Amino acid sequence: MSTLLSPVQHFHSPAPLGADMEEWDEFLKGRYKEGKSEEEFRVYDAAANPGVAEFYRLNHENQTLDYVLAKERQYFGLDKGDKSIWEAAEFLNTLVDDSDPDTDLTQIEHLLQTSEAIRADGHPRWFVLTGFVHDLGKVLCLWGEPQWGVVGDTFPVGCAFSKDIVFHEYFAKNPDLHHPVYSTQSGIYEPGCGLDKVHMSFGHDGYIYEVMKNYLPQEALYMLRYHSFYPAHKHGAYRHLMNDRDIEMFRWVNEFNKYDLYSKGHSKPNMKELKPYYDDLFAEFFPPKIAW
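Note that the structure is a prediction, hence the values are computed from the model and not measured. (Residues numbered from 1 in each chain as written. Predicted model: local features only at pLDDT ≥ 70, side-chain atom pairs only at ≥ 80, totals over all residues. Heavy atoms only, no water.)

**Let's talk about the overall build of the protein chain**
So, step 1. When helices and strands are tallied, the protein chain shows 13 helices and two strands.
So, step 2. Within the span of the protein chain, comprising 292 residues, buried residues form 57% of the whole.
So, step 3. Relative to all contacts within the protein chain whose residues are 6 or more apart in sequence, the contacts with residues 24 or more apart total 81%. (Helix = DSSP H or I, 4+ residues; strand = E, 2+ residues; numbered from the N terminus. Buried < 20%, exposed > 50% of the residue type's maximum accessible area, 1.4 Å probe, protein only. Contact = heavy atoms within 4.5 Å.)

What follows is the structure, given as structure tokens:
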């Protein structure tokens, strides 16, 4: 099985997390655990989490408005070829480093853990499907994108960076911090304009939204596009850019995140038994192949 190391080496920036980004997942589960106090959040510093800190240093220094606009032009045209959902998931499987001693689950099995937890709680079929596809955008890593441009807490660009963004201090070297417009509270946006008019930092969330936007209901699309927008759905940041629809839809984002963060570690899914259900589910919402 291929590893993530080769594609990432196309970039000069190091890969600060483990090859399959498990360190990132563990960081999220700890930082955003329900019921944690503000004091407990403060233990996530550079000394305690050096790999995560280096990841965020690269992310926060490089996610400028110009960078985001360039990546949107590069990927949002969906010209990477047509794949079925299973083919995209199999492609994502090459993200797993089979020398990693800490996990024996494939990426498909991780996706199934999320979707099966949602299914077990009796949610609608579109919600189950959203659980399966939500991380497929991580195929960006396999096209040479660095980790800091694929995962991580997302945030608007083209306006001031909220103090609620984790490792906020690393924005000190982001050139947009001192831009006369981009550094203001609303920046290039109008207050209350709605998040559909806002450019988010580039990553797998925005990309999978573009792939799925013609196939899934709005509730699902909000889950996909904003499931890493922790400054907003955990801290209430950027409310000044939201409209009433955003605020209503974020209850679905919050509902989804319970499964996104805490389904890992559940029993290993049986692919052979589950495949007929997912074949039928995919056929209900998608044509045989979709553009990526």
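**Examining the nonpolar core**
So, step 1. Judged by nonpolar contacts, the single largest core of 83 residues is most densely connected at Ile 85, Phe 132, Leu 136, Met 212, Leu 216, Tyr 278 and Trp 292.
So, step 2. When sequence neighbours within four positions are dropped, the list of residues in contact with Leu 216 reads Leu 129, Thr 130, Val 133, Leu 221, Leu 224, Phe 285 and Phe 286. (Core = buried A, V, L, I, M, F, W, Y, C linked by side-chain atoms within 4.5 Å.)

**Some words on the pattern of salt bridges**
So, step 1. Evaluated as defined, the whole model comprises 13 salt bridges.
So, step 2. Among the salt bridges present, the one from Arg 57 reaches Glu 61, with a minimum N-O distance of 3.2 Å. Here the residue Arg 57 and the residue Glu 61 both occupy positions in helix 4 (residues 50-62), the gap between them amounting to four residues, near one helical turn.
So, step 3. The residue Lys 289 makes a salt bridge to Glu 87 at a minimum N-O spacing of 2.7 Å. Placement of the pair is Lys 289 in the loop between helix 13 (271-285) and strand 2 (290-291) and Glu 87 in helix 6 (residues 85-92), with a sequence separation of 202 residues.
So, step 4. By relative accessible area, which is 36% here, Glu 87 ends up partly exposed.
So, step 5. Linked by salt bridges that have partners in common, Glu 54, Arg 57 and Glu 61 make up one network. (Salt bridge = Lys/Arg side-chain N within 4 Å of Asp/Glu carboxyl O.)

**Side note on the environment of Gln 107**
So, step 1. Structurally, the position occupied by Gln 107 is in helix 7 (residues 107-120).
So, step 2. Through-space distance from the C-alpha of Gln 107 to that of Asp 135 is 9.0 Å; in sequence the pair is 28 residues apart.

**Looking at helix 8 (residues 125-133)**
So, step 1. Where burial is concerned, most of helix 8 is hidden: eight out of the nine residues are buried.
So, step 2. Within helix 8, burial applies to Trp 126, Phe 127, Val 128, Leu 129, Thr 130, Gly 131, Phe 132 and Val 133.

**Some details on unusual backbone geometry**
So, step 1. Backbone geometry at Leu 78 places phi at a positive 50°, although glycine is not the residue there.
So, step 2. Mapping Leu 78 onto the fold places it in the loop between helix 5 (65-75) and strand 1 (82-83).
So, step 3. With a phi close to 55°, Phe 167 is a non-glycine residue in the positive phi region.
So, step 4. With respect to the secondary-structure elements, Phe 167 resides in the loop between helix 8 and helix 9 (204-212).
So, step 5. Under the relative-accessibility criterion, Phe 167 is labelled buried at 5%.

**Brief notes about the side chain of Ser 228**
So, step 1. Mapped onto the elements, Ser 228 comes out in the loop between helix 10 (218-226) and helix 11 (230-233).
So, step 2. A relative accessible area of 4% means that Ser 228 is categorised as buried.
So, step 3. Ignoring sequence-local partners within four residues, the contact set of Ser 228 consists of Gly 152, Asp 153, Thr 154, His 204, Asp 205 and His 233.

**Side note on the packing of helix 9 against helix 10**
To characterise two packed helices, one gives the angle between the axes of the helices and the distance between these axes.
So, step 1. Between helix 9 and helix 10, the shortest axis-to-axis distance is 7 Å and the interhelical angle comes to 150°. By the angle between their directions, the pair helix 9 and helix 10 is classed as roughly antiparallel. In this structure, helix 9 contributes Asp 205, Ile 208, Tyr 209 and Met 212 to the contact, and helix 10 contributes Leu 221, Leu 224, Arg 225 and Tyr 226.
So, step 2. Of the residues assigned to the contact of helix 9 with helix 10, the class counts are six nonpolar, no polar and two charged. (Axes fitted to C-alpha atoms, helices over the stretch in contact; angles between N-to-C directions. Parallel < 35°, antiparallel > 145°, perpendicular 65-115°, else oblique. Nonpolar A, V, L, I, M, F, W, Y, C, P; charged D, E, K, R; others polar.)

**Some points on the environment of Lys 163**
So, step 1. As for its placement among the helices and strands, Lys 163 is situated in the loop between helix 8 and helix 9.
So, step 2. Considering only alpha carbons, one finds Lys 163 and Pro 231, 68 residues apart in sequence, at a separation of 8.7 Å.

**Some points on the packing of aromatic side chains**
The relation between two aromatic rings is expressed through the spacing of the ring centres and the mutual angle of the planes.
So, step 1. Scanning the entire structure with this criterion turns up 30 aromatic pairs.
So, step 2. Taking the centre distance of 5.6 Å and the plane angle of 80° together, the rings of Trp 86 and Phe 132 count as edge-to-face. Taken together, the residues Trp 86 in helix 6 and Phe 132 in helix 8 connect sequence positions 46 residues apart. Each member of the pair, Trp 86 as well as Phe 132, is classed as buried.
So, step 3. The buried category is assigned to Phe 132, whose relative accessible area is 0%.
So, step 4. Within the aromatic cluster, the residues linked to one another by ring pairs are Tyr 75, Phe 76, Phe 91, Trp 143, Phe 202 and Tyr 207.
So, step 5. Its guanidinium or amino end placed over the ring of Trp 143, Lys 80 lies 5.6 Å from that ring's centre, counting from NZ or CZ.
So, step 6. We note Arg 225 situated over the ring of Tyr 209; from NZ or CZ to the ring centre the distance is 4.2 Å. (Phe/Tyr/Trp six-rings, centres within 6.5 Å; stacked < 30°, edge-to-face > 60°. Lys NZ or Arg CZ within 6 Å of the ring centre and 35° of its normal.)

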